[in-house]
Amino acid sequence: MAKLSLATSALAELLGLEHSGRAVEVTGVSISASEVEPGDLFVAIQGAKHHGLDFLSEAIAKGAVAVLSDRSNDQLPYLIAADPKEILGEVCNVVLGESPLSLYAVTGTNGKTSTASYLFELLQNLGEQPGLIGSTGLHTAGTSQSSALTTSELTTTRKFLGKVEAAGGTSAVLEVSAQALVRNRVSGLKFAVAGFTNLTRDHMDDFGTMEHYYEAKSHLFDASRSGSAVVFISDEWSKRLAAELQIPALLVGAGQEVDYRYESGVLSLSGKLNLSIEFGFGELMARNFALALTMLHSQGFSAEQLAAASKVISQVPGRLELVSDARPHTYVDYAHTPDGIASAVEELNSRYPGVTLVFGASGNRDIGKRAEMGVAAALANQVVLTDQHPRDEDPEAIRAAVITGLNQANKSFHEVAGPENALHFALGITPPDHALLWCGPGHLKYREIAGVKVPFDARAIAKRAVEQG
């Protein structure tokens with residue numbers, strides 16, 4: 001698609017913004033100086049440590065022709081807005097036009113990445129050339145790039161969606177976090193369908209209460225953002241969302257409009273979507289797969305098409321991933337919430353005589369969930385408590401908070417500092433016919449320690465450790 005262009009004076013008039021300097025044509029928008037392309041409007045906002053204008057020279061060197069900010073500058077024509085990010089969605093739609101892609105959104109506490117990944121793969125199997133934006137990065141069928149955020153900043157997303165469109169793609173899948181919804185990272189995007197997995201405790205450091213957390217998630221289902229919804233009914237929050245929806249919706253779950261069943265490796269859906277398929281990744285992942293299938297069905301794909309597209313499905317990286325056939329079977333998972341840990345342990349408890357759990361809590365995030373993680377860990381036969389991302393906290397103090405929950409559950413445990421040490425210890429105490437579950441690292445290839453992301457690939461480490469015995 002040819003690039004559009006718009007004069008800054010016209011943009012100012014359309015949005016009621018103060019304009020200073022000569023009028024220039026802008027063809028793109030970027031909130032990051034490192035991503036600026038020639039002709040871009042550079043959006044300079046106040047960050048946690050720096051203001052965007054601190055990087056104006058870099059933006060100019062990359063081709064920025066004007067600035068949108070909350071303050072003036074003496075180097076480029078500029079537009080002034082009290083809160084530039086609040087109007088960023090409108091700015092992008094005016095400058096770039098609304099994205100013509102069919103957009104699929106997935107939100108919830110647990111299962112977002114798996115559901116989004118399944119959507120992406122199913123769309124490919126259905127003959128489309130989709131894009132995927134989520135915690136594993138930004139992907140097309142042939143390209144991948146990393147991302148520091150579950151949901152990228154809006155201008156990063158819009159540039160990526162433009163590339164998907166230019167390559168002949170017609171759809172894209174976005175994993176949408178609660179933070180993205182309150183921090184304007186998906187503003188101006190209109191989703192064809194939004195899926196909801198569940199809501200359990202997480203991010204209380206950002207939202208304070210579950211009510212506020214729910215309210216943030218529920219914004220995705222406003223008619224201004226999404227044309228329709230698919231909700232997996234699994235908890236009181238999903239039931240509440242279903243009752244409050246003002247957009248067309250399908251409900252998935254036992255006894256719902258799409259009745260869900262999983263037994264002996266076969267996923268069966270009946271009602272408004274009738275199909276039965278073999279699915280070898282367990283019930284926990286089957287729920288996410290059912291949600292993805294129903295979202296696609298809501299957009300016109302038939303049961304026959306979906307059954308054919310489901311014949312070859314990949315393991316989602318770091319989501320109950322079996323790293324090797326060596327014994328004991330060792331799984332790496334991203335679970336870092338009480339419910340996520342409990343669900344992963346219960347899943348493996350249904351497949352093995354016993355489960356050894358290795359896990360740790362992270363620093364600088366939702367301190368209150370640490371004890372609850374300890375309570376959830378008590379579902380495992382053996383528990384090895386270790387470290388995850390200490391960030392700026394003392395690892396020993398983080399472990400002490402988790403121990404409170406383990407003691408509350410009267411659960412015996414082993415405390416081993418350092419996750420690689422803990423893994424090797426756990427392998428030594430796990431019988432060959434049991435499972436070892438390492439919760440926390442998932443697909444990540446780093447640990448965050450004192451502000452530094454240290455290379456750490458848990459999947460590779462676990463595979464090597466179990467195979468070397």
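Report follows, based on the coordinates. Just so it is clear, the model here is predicted, and its values are computed rather than measured.

## Topic: the sheet that holds strand 22 (residues 382-385)
If you trace the six strands from one edge of the open sheet to the other, you get 19-20-24-21-22-23, paired in mixed fashion. Looking at the sheet topology across the chains shown, the edges are occupied by strand 19 (321-322) and strand 23 (414-415). Pairing geometry for strand 21 (residues 355-359) and strand 24 (residues 435-439), over four bridges, is parallel. Looking across to strand 24, one finds that valine 355 is bridged to alanine 435.

## Regarding the pairing of strand 8 (residues 102-107)
Successive residues of a regular strand alternate their side chains across the two faces of the sheet. Burial of strand 8 is extensive: five of the six residues sit out of reach of the surface. Here five bridges tie strand 8 to strand 12 (residues 171-175), and the two strands are oriented parallel to one another. Bridge assignment links leucine 103 to a residue of strand 12, and that residue is alanine 172. Sheet topology places strand 8 next to strand 13 (residues 193-196); four bridges connect them, and they run parallel. By the bridge assignment for strand 13, alanine 105 is matched with alanine 194.

## Thoughts on the nonpolar core
Grouped together as the largest cluster of nonpolar side chains are 66 residues, with contacts concentrated most on Leu267, Leu293, Phe359 and Leu437. The element contributing the most residues to this core is helix 10 (residues 283-298), with ten residues. Other than its neighbours up to four places away in sequence, leucine 293 contacts Leu122, Leu267, Leu269, Leu273, Leu275, Ile277, Leu306 and Ser310. Among the nonpolar cores identified, the runner-up in size contains 56 residues, and Ile31, Leu41, Leu174 and Val176 belong to it.

## Regarding the packing of aromatic side chains
For the structure on display, the rule yields eleven aromatic pairs. Between phenylalanine 196 and phenylalanine 221 the ring centres are 6.1 Å apart and the planes differ by 70°, which places this aromatic pair in the edge-to-face class. Of this pair, phenylalanine 196 sits in strand 13 while phenylalanine 221 sits in the loop between helix 8 (210-218) and strand 14 (229-232), and the two are 25 residues apart along the sequence. Judged by relative accessible area, which is 1%, phenylalanine 196 ranks as buried. Summarising the aromatic geometry, the rings of tyrosine 331 and tyrosine 352 are spaced 6.1 Å apart at their centres and angled 75° between planes, so their arrangement reads as edge-to-face. In this pair, tyrosine 331 sits in strand 20 (residues 329-333) while tyrosine 352 sits in the loop between helix 12 (338-349) and strand 21, placing the two residues 21 residues apart along the sequence. Relative accessible area serves as the criterion here: at 13%, tyrosine 352 is assigned to the buried category. For the cation-ring pair, arginine 447 lies above phenylalanine 456, with the distance from its terminal atom to the ring centre recorded as 5.7 Å. The residue whose ring lies beneath lysine 453 is tyrosine 446, and the NZ or CZ to ring-centre distance is 4.6 Å.

## Here we look at the packing of helix 1 (residues 8-15) against helix 3 (residues 88-96)
Any two packed helices are characterised by the angle at which their axes cross and by the distance between the axes. Packing of helix 1 against helix 3 leaves a shortest axis separation of 11 Å and a crossing angle of 135°. Classified by the angle between their axes, helix 1 and helix 3 sit oblique to one another. As helix 1 packs across helix 3, the resulting crossing turns out to be right-handed. Taking contact as the criterion, the partners of Leu11, Leu14 and Leu15 in helix 1 are, on helix 3, Glu90, Val91, Val94 and Val95. Considered class by class, the residues forming the contact of helix 1 with helix 3 number six nonpolar, no polar and one charged.

## With respect to the pattern of salt bridges
Summed over the entire model, instances satisfying the criterion amount to 19 salt bridges. Among the salt bridges present, the one from glutamate 321 reaches arginine 459, with a minimum N-O distance of 2.8 Å. Taken together, the positions of glutamate 321 in strand 19 and arginine 459 in helix 16 (residues 458-468) put the pair 138 residues apart, joining distant regions of the chain. Of the charged contacts, one joins arginine 370 and glutamate 393 as a salt bridge, the two residues approaching to 2.6 Å between their closest N and O atoms. Of this pair, arginine 370 sits in helix 13 (residues 369-377) while glutamate 393 sits in the loop between strand 22 and helix 14 (395-408), and the two are 23 residues apart along the sequence. The network of salt bridges with common partners includes Glu37, Asp40 and Lys159.

## Notes on the layout of surface pockets
In this structure, the second largest pocket encloses a volume near 940 Å³. Lining the second largest pocket are 28 residues, with Ile31, Gly47, Ala48, Leu149 and Glu153 sitting closest to its centre. When the residues that make up the lining of the second largest pocket are grouped by side-chain class, the tally is ten nonpolar, twelve polar and six charged.

## Focus: the packing of helix 8 against helix 9 (residues 236-244)
Interaxial distance between helix 8 and helix 9 falls to 12 Å at its minimum, and their mutual angle equals 45°. Relative to helix 9, the element helix 8 lies oblique. In this structure, helix 8 crosses over helix 9, and the sense of that crossing is right-handed. In this structure, helix 8 contributes Met210, Glu211, Tyr214 and Ser218 to the contact, and helix 9 contributes Trp237, Arg240, Leu241 and Glu244. Tallied by class, the residues present in the contact of helix 8 with helix 9 amount to four nonpolar, one polar and three charged.

## Focus: the side chain of serine 218
Among the structural elements, serine 218 can be located in helix 8. A distance of 2.8 Å separates a polar side-chain atom of serine 218 from the backbone oxygen of glutamate 215.

## What to know about the environment of histidine 219
In this fold, histidine 219 is placed in the loop between helix 8 and strand 14. Using a relative accessible area of 34% as the deciding quantity, one classes histidine 219 as partly exposed. A C-alpha to C-alpha distance of 40 Å links histidine 219 and alanine 422, two positions 203 residues apart in sequence.

## Brief notes about the side chain of threonine 113
With respect to the element layout, threonine 113 can be found in helix 4 (residues 112-125). A polar atom in the side chain of threonine 113 sits 2.7 Å from the side chain of serine 135. A polar contact of 3.1 Å, which involves the side chain of threonine 113, links it to the side chain of arginine 319. Residues in contact with threonine 113, not counting those within four places in the same chain, are Ser135, Thr136, Glu175, Val316 and Arg319.

What counts as what
Counting restarts for each chain, with residues numbered from 1 along the sequence as it is written. pLDDT decides what is reported in this predicted model: residues at 70 or higher carry local features, side-chain atom pairs at 80 or more are listed and counted, and totals for whole chains, interfaces and linings draw on all residues regardless. Excluded from the side-chain calculations are hydrogens and water; all other atoms, namely the structure's heavy atoms, are used. At least two DSSP bridges between two strands are needed for those strands to be called paired. Under the scheme used here, helices are H or I runs from DSSP no shorter than 4 residues and strands are E runs no shorter than 2 residues, and both carry numbers assigned from the N terminus. Burial classes follow relative accessibility: with a 1.4 Å probe on protein chains only, a residue under 20% of its type's maximum area counts as buried, one over 50% as exposed, and anything between as partly exposed. The criterion is simple. A nonpolar core is a set of buried Ala, Val, Leu, Ile, Met, Phe, Trp, Tyr and Cys residues joined through side-chain atoms within 4.5 Å. Two residues form a contact once any of their heavy atoms are found within 4.5 Å. When the centres of two rings from Phe, Tyr and Trp lie within 6.5 Å, Trp using its six-membered ring, the rings pair. Their planes under 30 degrees apart give stacked, over 60 give edge-to-face, and anything left gives tilted. Counted as over-ring charges are cases with an Arg CZ or a Lys NZ within 6 Å of the ring centre that also lie within 35 degrees of the ring normal. The axes used here are C-alpha line fits, helices contributing only the stretch in contact, and every angle between their N-to-C directions lies in the interval 0 to 180 degrees. Orientation labels follow simple angle bins: below 35 degrees gives roughly parallel, above 145 gives roughly antiparallel, 65 to 115 gives roughly perpendicular, and whatever is left gives oblique. For any pair of crossing helices, the crossing counts as left-handed if the nearer helix is rotated counterclockwise from the farther one by less than a right angle, and right-handed if it is rotated clockwise. Three residue categories are used. Nonpolar comprises Ala, Val, Leu, Ile, Met, Phe, Trp, Tyr, Cys and Pro, charged comprises Asp, Glu, Lys and Arg, and polar comprises the others, including Gly. By definition here, a salt bridge exists when the distance from a side-chain nitrogen of Lys or Arg to a carboxyl oxygen of Asp or Glu is within 4 Å. The rule is simple: put a 1 Å grid over the protein atoms alone, call a set of points where a 1.4 Å probe fits but cannot get out a cavity, call an open set with protein on both sides within 12 Å along at least five of seven lines a pocket, and count a residue as lining if it has an atom within 4 Å of a point. Grid points are joined across faces, edges and corners, and a volume is the space filled by probe spheres set on the points. As used in this structure description, the phrase polar contact means that two N or O atoms lie within 3.5 Å; if the pair is within protein, one of them must be able to donate a hydrogen and the other to accept it, and residues adjacent in sequence are counted only when both atoms belong to side chains.

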